[in-house]
Structures are given as structure tokens and as C-alpha cells.
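Here are the chains, one letter per residue:
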Amino acid sequence: MLSKYLKKAVAVMSSVMIFSFAIQAVSPSLVAKADSVSTQTTASAQEQQEAQAKQLTLNLLASSGKSVANLLDDAYTSKVSFAAGDTLTVSADEPMQGVYLKWASLESSYSVSYNGKEQKITKENMLHKYIDFGETVTECTITFESAASVCDIFAYGKGKLPDNVQVWEKPCTDADILVFSTHADDEILFLGGVLATYAGQQGLNVQVAYMTNYWNGATVREHEKLDGLWESGVKHYPVNGKFDDIYATDLNGAMSVYSYDDVLGYVTEQIRRFKPLVVVTQDINGEYGHGGHMLLAKAVCEAADNSGTASFKQESADKYGAWDVPKTYIHLYGENKIRMDLRQPLSNMKSRTAIDVAKDAYLQHVSQQWCWFYVSDEYEYSCADFGLYRSTVGTDTGNDMLENVTTYEEKKRIEEESKAAEESSKQEESLKTAEKEEIREQKAAKKRNIVPVIIIAVLIVVLAAAGVVYHNYMEKMRRKKRRKNRGKNGSHRGNTR
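Residues numbered from 1 in each chain as written. Predicted model: local features only at pLDDT ≥ 70, side-chain atom pairs only at ≥ 80, totals over all residues. Heavy atoms only, no water.

The chain appears in an unreviewed UniProt entry as PIG-L family deacetylase from Lachnospira intestinalis.

Here you go:
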């Protein structure tokens with residue numbers, strides 16, 4: 001009977017071993033297959049994520065009943081106006097991921113509702129604004145909280161937005177480079193290499209501040225400046241001064257049509273607001289002699305010299321604090337010259353050179369293409385040539401505007417690394433302290449443990465000694481007793497004789 005059960009057990013064990021060997025043989029192929037499927041799934045997800053979002057066909061309905069066809073013509077010269085409380089319902093032939101608004105007037109406050117949710121958007125004065133729903137939407141409603149005008153509206157499905165959709169970040173908190181431009185297109189014609197190199201390629205915090213605006217004139221140029229900056233790789237929304245574009249043939253002419261003190265105050269405030277590491281502006285001779293360019297360059301130089309003194313233009317110092325600019329560059333300045341290399345392919349700008357980028361950016365200024373100006377690093381108004389007007393960090397040895405300064409992002413990284421190192425050092429010191437404490441505790445424990453041993457040893461020795469003494473004493477007493485007994489026995493024997 002026992003033999004029968006043993007045979008069954010052996011059979012079962014054999015089956016288990018065979019099954020185990022089979023699993024081991026098959027599992028590598030199963031794992032490889034699973035890895036392959038996982039890789040394919042990941043690749044597929046990445047491809048889907050990187051696929052370009054489709055521009056969708058829209059249906060628009062205004063609560064006022066007015067025609068809104070002009071919102072679909074993709075033209076800055078047409079617009080639709082809305083009153084406070086008006087709504088615009090937007091639906092598409094396919095699910096929408098977001099809508100892109102191009103305002104005809106400065107952006108007002110409004111809300112966008114969809115799928116039972118609502119985004120309230122406070123006035124940010126962004127002329128081009130993309131609103132991401134964060135989910136797919138079949139219909140949304142825009143409610144205008146105040147009177148507003150819109151040029152165009154677009155909607156996109158899921159995926160990577162086309163390059164021409166401008167998702168602007170707010171103006172910089174801290175600017176690596178602050179570029180002052182008199183008019184829309186000056187920043188491209190004369191300073192475009194700076195934008196393409198440091199904003200487009202290097203992704204630094206580049207802030208552009210214009211002296212003039214066009215809200216009292218050719219408003220289309222407000223759109224063109226955004227299109228040109230975006231093409232250049234600038235991501236922070238620009239700021240404008242309150243000055244109109246008025247032509248002047250020389251500096252005296254510009255001083256007669258502008259308040260120099262107001263321009264100086266504006267420039268100083270932007271320097272203190274953005275705390276730039278580098279300031280760049282136009283030629284003190286006005287490039288081709290434009291008085292407005294001369295006025296701005298003069299103001300930038302004076303502001304750079306004095307913005308670190310709180311008593312100079314104190315109102316902006318009280319608001320933002322004083323700021324001493326480390327480096328200030330002037331276009332075509334005759335001293336401490338640098339020449340930027342704008343002929344190298346830029347990997348982050350579709351392998352175009354900085355010159356190519358600036359040329360493409362200037363094409364965005366459609367209304368100015370009749371002018372004789374052009375982008376080049378080879379003629380007298382070369383956008384590659386600058387001079388270091390002022391420096392608190394030493395002179396240049398190369399052609400890099402950021403030489404001798406550390407960008408804000410790099411400063412942040414260094415601070416984080418330093419903080420991490422300090423924290424690590426504290427933890428290491430804490431561990432060492434804990435180890436030392438543990439060693440002390442172990443020594444103390446050993447001391448505590450050895451005392452009873454010593455006491456026991458002493459007791460043993462004492463008891464052993466006592467035992468020896470007692471043994472000796474008893475032995476002595478026994479010997480004494482034997483001698484006594486022998487004495488008695490001897491006396492008795494003698495008497496018998």
C-alpha cells in the first residue's frame with residue numbers, strides 16, 4: 001500500500017518538474033513579446049501625441065443675431081464687435097481641444113463654458129489667445145463681460161498645435177535679456193539675430209519692450225509684431241509704451257514730438273520691472289537717421305547709467321526696486337564691439353540660421369514689405385554688429401552677449417544644487433551624529449553589561465577564596481582531631497603495659 005502512494009507522489013513530482021521546465025522555456029519569448037507590444041503601444045501613444053492637431057471647420061452663432069462670418073476669414077482687417085453680455089456659441093465638425101482667439105481690440109474679460117464647466121479669463125491684454133479645454137469639447141460658449149471686438153476665431157482637435165498658433169506666456173518676471181525697440185519691425189530688422197539666437201535657439205527669458213504702439217493708427221501692426229516675435233522664437237508677451245509712432249528726421253525733431261522725460265521714465269521702469277541681465281537697443285545714430293530711434297537709444301543709455309540709483313525716477317524704484325543692469329549693448333555702437341555669428345544652423349529653429357529666422361520674421365510684417373529695409377548681416381545696418389556700452393561684469397573676450405553673466409535659469413539650478421548639497425550634508429552629518437551616538441550607546445551598554453560580570457567574577461573569587469579558607473580550616477581541624485585521638489590512644493596503650 002505504501003509503495004502505491006510513493007509511486008503516485010513520484011508521478012506528481014515529475015509532472016510538476018516538466019511543467020516548470022516548459023514555463024522556463026516559453027517565458028522568455030512571452031516576455032519579449034510583451035515588451036514588444038509595450039514598446040509599440042508607447043511608440044503609438046507618442047506618435048499620437050506628436051501628431052499635429054487639425055484645424056476644424058466651425059459653426060458660429062451670436063446671441064445678438066448678427067452675422068459673424070468675418071470671424072472665419074483669417075484677416076486682421078475685418079472684425080466683429082460684441083456688447084457686454086453677448087455670447088458666441090462655437091461648435092465644430094469634430095471634437096475641439098481648444099479655441100484660438102485673435103482680438104481686434106485689447107483683450108477684455110470674458111468666460112468660456114463647455115461640458116458643464118467654465119473658464120473665467122480676466123483681462124490680460126493679450127491680442128492673440130489660445131484657450132485649452134484640457135478635454136475634447138463638441139461645443140463651447142464665449143460670454144463677453146464688456147464690449148469687445150474680435151478679428152478671427154479658430155479651433156483645433158487633439159494633438160500638437162501648428163507652429164503658427166501662439167500660446168503666449170506672460171511677460172517675464174526676471175528677464176535674461178531685455179530688448180528695447182522703437183517700432184514694430186525694428187526688433188527684427190536690427191535686433192533680429194539677438195531674438196533668434198537667445199530666445200529661439202537657447203530658449204532664454206527674452207523680453208521685448210516697444211516704445212510705441214499703434215492703437216491710434218495702423219492697428220494691424222500690433223498683430224504683425226506678435227507674428228514676427230513668435231516666428232523669432234520669443235514666447236513672453238511683449239509690452240508697449242504709450243507713445244504713438246511719429247516720424248522724426250533727427251533727435252531734435254523727436255524731442256519736439258515726444259516728451260523725453262516720459263520716454264526715460266518708461267525705459268527706466270521696464271529695466272526695474274524685468275531686472276534684465278542684458279539690455280539691448282538700437283543705434284544712437286538712429287540706424288538710417290530716424291529721430292525716434294535716437295531718442296530711445298539715448299533714453300536707454302541714461303536709464304542704464306542710473307536705474308541702480310533709487311532716487312533716480314523714484315516712482316518706479318518704489319514700485320519695483322532699483323536695478324543696476326550688468327551689461328548694456330547698443331546696435332552699431334563704436335566701442336567694445338562684438339559681431340554675432342548668425343550663419344550657423346539653429347537646431348531649435350528648424351535648422352535655419354539666425355539670419356534666415358529674422359528674414360522669415362520680417363515677412364510677418366506684411367504691411368511694411370513696401371519699404372526698402374531688409375534683414376542682413378552684410379550691409380551698414382547689420383543685425384550682427386553691436387557694442388558694449390556699459391558693463392558691471394567686465395569687458396567681452398568673445399561675441400556672446402551673455403559672457404560673464406549667469407542666466408536666471410542657471411542661477412536657479414545652481415541654487416537648487418547648492419540647497420540639495422547642503423541638505424545632503426546635513427543628512428550626512430545627522431547620520432554621522434547618529435552613528436556616533438550609537439557607538440557611544442554601544443560602549444555604554446558594554447560598560448553596563450560588564451559590571452554584573454565583574455561583580456559575579458568577584459563573588460566567585462570571594463566564594464572560591466572563602467571555600468579554600470573553609471576547606472583549609474576544616475582540614476586543619478581534622479588533623480588536629482586526629483592528633484588528639486592518637487594521643488589518647490597512645491596513653492592508654494602505655495598504661496596497659
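Back to the write-up after that little detour.
A. Highlighting the overall build of the chain. Along its length, the chain carries ten helices and 14 strands. Of all 497 residues assigned to the chain, the portion counted as buried reaches 40%. For the chain, restricting intrachain contacts to residue pairs at least 6 apart in sequence, the fraction spanning at least 24 positions comes to 78%. Carbon and sulfur atoms make up 54% of the accessible area of the chain, which totals about 27,500 Å². (Helix = DSSP H or I, 4+ residues; strand = E, 2+ residues; numbered from the N terminus. Buried < 20%, exposed > 50% of the residue type's maximum accessible area, 1.4 Å probe, protein only. Contact = heavy atoms within 4.5 Å. Areas by Shrake-Rupley, 256 points an atom, 1.4 Å probe, with all protein chains shown as cover.)

B. Just the pairing of strand 8 (residues 177-181), in detail. Of all five residues in strand 8, five are buried; the element is thus mostly enclosed. What you see with strand 8 is no split at all: Ile177, Val179 and Ser181 on one side and Leu178 and Phe180 on the other are buried throughout. For strand 8 and strand 9 (residues 206-213), the ladder comprises five bridges, and the chain directions are parallel. From the neighbouring strand, Val179 faces strand 9, where its bridge partner is Val208. Of the strand pairs in this sheet, strand 8 and strand 11 (residues 278-281) are connected by three bridges, and their pairing is parallel. Bridge pairing in strand 11 links Leu178 to Val279. (Pairing = 2+ DSSP bridges.)

C. Spatial organisation of the pattern of salt bridges. Overall, the coordinates contain 26 salt bridges when judged by the stated rule. Counted as one network, the salt bridges with shared partners bring together Glu118, Lys120 and Glu145. (Salt bridge = Lys/Arg side-chain N within 4 Å of Asp/Glu carboxyl O.)

D. Region of interest: helix 6 (residues 260-274). If you check helix 6, its first and last C-alpha atoms are 21 Å apart, about what 15 residues at 1.5 Å a residue would give, namely 21 Å. Downstream of helix 6 by one or two residues, Lys275 has phi in the positive range, about 45°. (Expected span 1.5 Å × (residues − 1).)

E. Structural view of unusual backbone geometry. The phi dihedral of Asn336 falls on the positive side, at around 45°, and the residue is not glycine. With respect to the helices, strands and loops of the structure, Asn336 is situated in the loop between strand 12 (327-331) and strand 13 (337-339). With a phi close to 60°, Lys350 is a non-glycine residue in the positive phi region. As for its position among the elements, Lys350 is in the loop between strand 13 and helix 9 (354-363).

F. Summary view of helix 9. Of the residues making up helix 9, those classed as buried are Ala354, Ile355, Val357, Ala358, Ala361 and Tyr362. What you see down the axis of helix 9 is that its buried residues fit within an arc of 160°, all on one side. Its buried side turned inward, helix 9 meets helix 2 (186-189), helix 3 (192-201) and helix 4 (220-232). (Arc of directions from axis to C-beta.)

G. Spatial organisation of the sheet that holds strand 8. Taking strand neighbours across the sheet as the criterion, the seven strands line up as 10-9-8-11-12-14-13 in an open arrangement whose pairing is mixed. With one partner strand each, in any of the chains shown, strand 10 (239-244) and strand 13 form the two edges of the open sheet. Averaged over all neighbouring strand pairs, the angle between strand axes comes to 25°, with direction disregarded. Two elements, strand 12 and strand 14 (residues 385-391), share five bridges in a ladder whose sense is antiparallel. Paired with Ile330 across the two strands is Gly387, which belongs to strand 14. Seen against the sheet, helix 4 touches strand 9 and strand 10 and runs at an angle of roughly 160° to strand 9. (Axes fitted to C-alpha atoms, helices over the stretch in contact; angles between N-to-C directions.)

H. Local environment of the environment of Gln55. By secondary structure assignment, the location of Gln55 is in the loop between helix 1 (2-50) and strand 1 (58-62). When the C-alpha atoms of Gln55 and Pro162 are compared, they prove to be 8.7 Å apart, with 107 residues separating the residues in sequence. The contact partners of Gln55, leaving out residues within four places of it in the chain, are Phe154, Ala155 and Tyr156.

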